[in-house]
Amino acid sequence: MGIFDKLFNDDDKQVTSRDLKVALRGVERERRKKQMEIRKLSNKRTDVLGRLKAARRDNNREEVDFLYEDLQQMKMDQAYARRESKILNLEAIGLKRYVRGLERLEKTSSRGKIRDLMQRVQISGLDEKLRGSAVDEEAYLDALNATLDDISMELEDTELYLEEEDPGKAALLAEIDEIIVAEEGGDNEIALQRQHALEEKLDRETAGEAAQEM
């Protein structure tokens with residue numbers, strides 16, 4: 001049973017914003033665990049690639065075959081972990097939407113509209129859209145929006161997991177992307193220069209914050 005079925009398909013109990021917040025904390029906790037798993041798999045892949053390169057250089061065919069099979073299994077593990085992370089991300093988006101919607105309805109004591117929302121989620125098929133081998137993100141978000149549109153709730157952009165864009169974060173990630181592009185393009189010197197420049201910028205920002213606190 002999916003998370004929305006668990007929360008909204010109990011006709012004997014009306015779901016509350018507190019119920020959704022508890023569920024959201026659980027989803028975000030699992031999402032952090034999944035992200036950690038993805039990072040560990042990425043680090044392991046880097047190690048295996050290094051060992052594979054060494055074995056290939058030494059013409060150790062047995063070790064090459066073993067490491068190649070290990071790499072193929074790792075690719076499947078990474079694909080599964082990314083799929084699970086995507087599902088958790090979409091579940092979190094939905095829960096955060098419903099938390100805000102229910103909080104507004106609870107403030108106006110709109111019990112009838114809360115019941116309407118529960119019924120619309122029950123027939124929306126949100127969980128089913130997350131169960132396929134290929135998660136249909138667009139169909140999921142369309143169904144999520146429809147459950148809220150039908151009871152005249154204001155929607156915000158769901159393209160990103162974070163509702164409020166952080167300009168500082170966007171700039172940092174853009175610079176990291178440039179470093180990655182340089183590395184993947186073989187421009188190691190440029191990548192190192194950008195890396196050092198970024199670290200110096202972070203050092204200056206940290207020094208500035210420290211000065212303000214003094």
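Just so it is clear, the model here is predicted, and its values are computed rather than measured.

Draft legend 1. Structural context of the confidence of the model for the chain. Averaged over the chain, the pLDDT score is 81; the fraction of residues at 70 or greater is 86%. Least confident of the elements in the chain is helix H7 (residues 188-213), whose mean pLDDT is 75; most confident is helix H2 (residues 17-57), at 91. Low pLDDT, under 50, characterises residues 154-164; the predicted model gives this stretch 21 contacts beyond four residues in sequence or across chains. pLDDT under 50 marks residues 209-214. Its contacts with residues more than four places away, or in other chains, come to 0 contacts.

Draft legend 2. Local environment of the environment of Glu37. Topologically, Glu37 is positioned in helix H2. Relative accessible area serves as the criterion here: at 32%, Glu37 is assigned to the partly exposed category. Between the C-alpha atoms of Glu37 and Asp77, which are 40 residues apart in sequence, the distance is 9.7 Å.

Draft legend 3. Summary view of unusual backbone geometry. We note that Asn59 has phi near 60°; this positive angle belongs to a residue other than glycine. Along the chain, the position of Asn59 falls in the loop between H2 and helix H3 (61-107). With a relative accessible area of 60%, Asn59 lands in the exposed category.

Here is what the cut-offs are and how they apply
- Residues numbered from 1 in each chain as written.
- Predicted model: local features only at pLDDT ≥ 70, side-chain atom pairs only at ≥ 80, totals over all residues.
- Heavy atoms only, no water.
- pLDDT = per-residue confidence, 0-100.
- Helix = DSSP H or I, 4+ residues; strand = E, 2+ residues; numbered from the N terminus.
- Contact = heavy atoms within 4.5 Å.
- Buried < 20%, exposed > 50% of the residue type's maximum accessible area, 1.4 Å probe, protein only.

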